[in-house]
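Structural overview for review
Here's the letter readout for the chains.
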Amino acid sequence: MNEKFNQPYNPKETEEKIYKFWEQSGFFAPEAHQPRADNPNEGKTFTIVLPPPNVTGSLHMGHALNATIQDILIRYKRMQGYKALWIPGTDHAGIATQNVVEKQLKKEGLSRHQLGREKFLEKVWEWKEKYGNIILDQLKKLGASCDWSRTAFTMDENYSKAVQEAFNHYYKKGWIYQGERVVNWCPRCGTSLSDLELEYVEEKTKLWYIKYSLKRGGNIIVATTRPETMLGDSAVAVNPKDERYEEFVEQSVLLPIQNREIPIIADDLVEKEFGTGAVKVTPAHDFNDAQMGEKHNLPIYKIIDEKGRMTQLAGEICEGLKVLECREKVIEKLKELGLLEKEEDYTHGVAKCYRCNGIVEPIPSLQWFVKMDELAKSAIKAVESGRIRFHPQKWEKVYLDWLKNIKDWCISRQIWWGHKIPIEGVNDVMDTWFSSALWPFATLGWPDKNNKDLKEFYPTQVLSTARDIINLWVARMVFSGTEFMGKEPFSDVIIHATILTKDGKRMSKSLGTGIDPMGLIEKYGADATRFGLIWQAMGGQDIHWAEEHVMAGKKFANKIWNIARFVLERTGISNFQFPISNEFSNLKLSKEDKEILEKLEQVKKSVEKDIENYEFGQALHTLYDFIWHDLADKYIEYSKNNNSAETLTVLYFILYTVLKLLHPFMPFITEEIYQNLPSKNADFLMVDKWE
RNA sequence: GCGCGAUUAGCUCAGUGGUAGAGCGCUUCAUUGACAUUGAAGAGGUCAGAAGUUCAAUCCUUCUAUCGCGCACCA
């Protein structure tokens, strides 16, 4: 009997030791897999790619939950005899990382323009080397059994080749084109954004009603939230079915301030119910208006530039002003002219940059696009055919809705940190998501089609991620995989729960409502933290975070520790065969012995079923209930008065089995106990056989 | 505007077509015998509201309310 069992379980000490022990064993890498004749899954692989966290990131609760889910799966499959591979890595996260480094430079009084492109990129690489892997180290603390020897980065040399290859492939197919389009532009980041990179934030503002005077006399009133863009108006539009304005169509009005004569047009895009039913049309600075402009051949006046300032076309009094300053100016001027009919309070969503939270402006700009028609079709088919399944299934709708209404993908970004667009003379870099879309095969060596890893481990099986990147990332991986590999990159997509604060609010670092998983690990241990996360992760429902479940995890760890202590004490004093399989045919078992063995068998089946269905919370509840209430409260109590060889044999076997079943969920404590067992099948619980 | 989800014990949540369960909290008892990070016993719920289907509804259907989240042509 080992003396360490005389003390309460010490997670901190144990976890550090055990993790090193695992890493040294080499069993995180699939190469360490040892073929066995009695392995029912011999020859099968099981692969998961870790959604690459941003190099700017640090572990938050969502990462912790997601990593735990993936670790449960990979450990379970590894024990089941699969050659299991979990590939970790990080994403260069173009805009986010550039912003972080620029901020740091600003403290030193420097800007990236002062440094120049080359020097600046050196700084970013330095930053990446220094801070970029913090989050991966945090995952180790959580117990993640990734193959760290295969750690990838979206700007690795080989990965860059993959990105260039993908671009060239699309280019040769004629799916890449350059065009001057109205795009979402973040003046603060100085780059275009795709529509998925916007966040609409509800803001209280005004709806201004402006009089435009008709050339023939009288006037028409338009309502707008953006009076400043009237300086770039090319028309006024009404709905063709709107009787109120029937006779106005094809008349012209005099645009105030600019004194430009513009037509009144009719278009279905206009909603009769909005405002007065007549709207101003600014083809350069609104997506709808751009559509109308194209249809009706309207001139485009670009009145806002890339820095968010008014151009010369905005007119003398506004040129050089920032957009909001210009708004004030225009309102003031309209009041002066008596053309402001009224203003109403109005709340609407304002498009903000998801990286810097600045207001995004639609502006016309020369950008690179990928045609999405064919790619979207293949991604739709992958899910509709059932080749890819979402768990919970409801997320398929989110995915399909986006793909069925898709627009071409703007892939160029006017920043410096990223993959350069391979065309001569182009300084733009590619959307970060263009490179992460290749993650499931670029991490396995693509574009080298003969790469051993690629042949052996593609396609992967499960992808587990957060709901907010279903379209941004998952959909794009699906069509990329289909396009470049001819096979979907995975078969099952787990969309894990979103962790909210106790009152159901979003956890936010800036509001101080976030919970730091590293703090929980420090306080309760990694096993307890994993327990607390999974305990609450039922059916993919949002989690209102409750720390008490982590405390319950800590108590549970202690319970298991003491169960082990009891069993090892009892079995240590008798000289009997330690059973490592359930061959009990020679034994005369009591009713209680039989009952607990039967229950164990049920629990095992139920846990297997739950894991296969990605119902990890359910599996953990089942295990908890069995270990605490059936094993500890009943059977151990029974065994105290029934110290037969049979009962001791059953006791040992149950402990042994329970350690295996629990290992994917709470890997550290189970491994630590396993290391102290007198008789076992393997050197490490993490590679003992499940059966 | 459209869609999705939630509503069950004080709190965080499971669950089932046949008069409800867990963790934490609460009450009472047990004190050095694996574990007080414990054990035993217990209190506590008209399962959001209404209507319907059914022998039977917390569970199925419809509607309503409240909260949350997506999406949209948010001018």
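Refer to the structure presented above.
Scope of this entry: the structure provided in the associated data block. Every chain is numbered independently, its residues counted from 1 as its sequence is written. Whichever chain is written first becomes A and whichever ligand is written first becomes 1, with later ones labelled in order. The predicted origin of the model limits local features to residues at a pLDDT of at least 70 and limits the giving and counting of side-chain atom pairs to 80 or more, whereas totals for whole chains, interfaces and linings rest on all residues. To obtain the side-chain values, all non-hydrogen atoms of the structure were included, while hydrogens and water were left out.

Another aspect to go through is the pairing of strand β5 (residues 176-186). With 8 of 11 residues buried, β5 is to be regarded as a mostly interior element. In this structure, β5 lies alongside strand β14 (residues 361-370), joined through 10 bridges in antiparallel fashion. Bridge assignment links glutamate 180 to a residue of β14, and that residue is leucine 366. With 3 bridges connecting them, β5 and strand β6 (residues 191-193) associate as antiparallel partners. Bridge pairing in β6 places asparagine 184 opposite leucine 193. Counted along the chain from β5 to the antiparallel partner β6, the turn is 4 residues long, and its residue glycine 190 has a positive phi close to 70°. Throughout, exposure labels follow a simple rule: accessible area from a 1.4 Å probe, protein chains only, divided by the maximum for the residue type, with under 20% read as buried, over 50% as exposed, and the rest as partly exposed. Segments assigned H or I by DSSP are reported as helices when at least four residues long, segments assigned E as strands when at least two residues long, and all are numbered from the N terminus. One requirement defines pairing of two strands: DSSP has to find at least two bridges between them.

Now for the nonpolar core. Definition of nonpolar core: a set of buried residues of the types Ala, Val, Leu, Ile, Met, Phe, Trp, Tyr and Cys, connected through side-chain atoms within 4.5 Å. Phe616 and Phe665 are the most contacted members of the largest nonpolar core, which totals 106 residues. Looking at this core element by element, the count peaks at 13 residues for helix α20 (residues 616-640). Contacts are residue-level and defined by heavy atoms, with any inter-residue pair within 4.5 Å sufficient. With residues up to four places along the chain from it excluded, the contact list for phenylalanine 665 reads Ile72, Arg530, Ile534, Ile611, Phe616, Ala619, Leu620 and Leu623. Judged by nonpolar contacts, the second largest core, of 58 residues, contains Ala162, Trp395, Met430 and Trp439.

A separate point is the sheet that holds β6. The antiparallel open sheet is built from 4 strands, whose spatial order is β6-β5-β14-β16. Edge positions in the open sheet fall to β6 and β16 (409-410), since each of these has one partner strand only.

This next bit is on helix α10 (residues 373-384). Helix span is expected to be 1.5 Å times the residue number reduced by one. For α10, with 12 residues, the first-to-last C-alpha span of 16 Å sits near the 16 Å given by 1.5 Å per residue. Every buried residue of α10 is accounted for by Leu375, Ala376, Ser378, Ala379, Ile380, Ala382 and Val383. On its buried face, α10 sits against α7 (157-172), β14, β15 (389-391), α11 (395-404) and α15 (470-485). One or two positions beyond α10, positive phi appears at glycine 386, with a value near 85°.

We call a residue near a given molecule or strand whenever any one of its heavy atoms falls within 4 Å of it. Around RNA strand B sit 44 residues in total, of which Thr224, His348, His544, Lys555 and Trp628 are the nearest. Protein-adjacent atoms of RNA strand B, using a 4 Å cutoff, are sugar or phosphate at a proportion of 62%. Between N or O atoms, a polar contact is any pair within 3.5 Å; within protein, one atom must be a potential hydrogen donor and the other a potential acceptor, and residues adjacent in sequence are included only when both atoms are from side chains. Between RNA strand B and histidine 549, the relevant distance is 3.5 Å, taken from a base oxygen to a side-chain nitrogen or oxygen of the residue. Lysine 554 places a polar main-chain atom, nitrogen or oxygen, 3.4 Å from a base oxygen of RNA strand B. Among the elements of the structure, β8 (219-224), β13 (340-353), α17 (526-536), α18 (548-572) and α20 are those that each provide at least two residues to the surface near RNA strand B. Here the element with the most residues in the surface near RNA strand B is α18; it accounts for 12 residues. Taken together, the residues of the surface near RNA strand B sort by class into 17 nonpolar, 13 polar and 14 charged. Three classes are used, and their members are as follows: Ala, Val, Leu, Ile, Met, Phe, Trp, Tyr, Cys and Pro are nonpolar, Asp, Glu, Lys and Arg are charged, and the others, Gly among them, are polar.

With that out of the way, let us pick up helix α16 (residues 517-524). Of the residues making up α16, those classed as buried are Pro517, Met518, Leu520, Ile521 and Tyr524. Buried residues of α16, viewed axially, fall in a sector of 160°; they line one side. Buried residues along α16 sit in contact with α1 (11-25), α2 (61-79), α6 (134-142), α17 and α18. At the N-terminal end of α16, a side-chain oxygen is found 3.0 Å from the backbone nitrogen of methionine 518, two or three residues along, and the residue is aspartate 516. Of all possible arcs, the one meant is that of the directions from the helix axis to the C-beta atoms.

This next bit is on the pattern of salt bridges. Any carboxyl oxygen of Asp or Glu that lies within 4 Å of a side-chain nitrogen of Lys or Arg is treated as forming a salt bridge with it. Counted under the stated rule, the structure contains 45 salt bridges. Residues aspartate 38 and arginine 36 are paired through a salt bridge, measuring 2.9 Å at the closest nitrogen-oxygen approach. Between glutamate 228 and arginine 226 there is a salt bridge; the shortest N-O distance is 3.0 Å. Taken as a pair, glutamate 228 and arginine 226 share a single burial class, namely buried.

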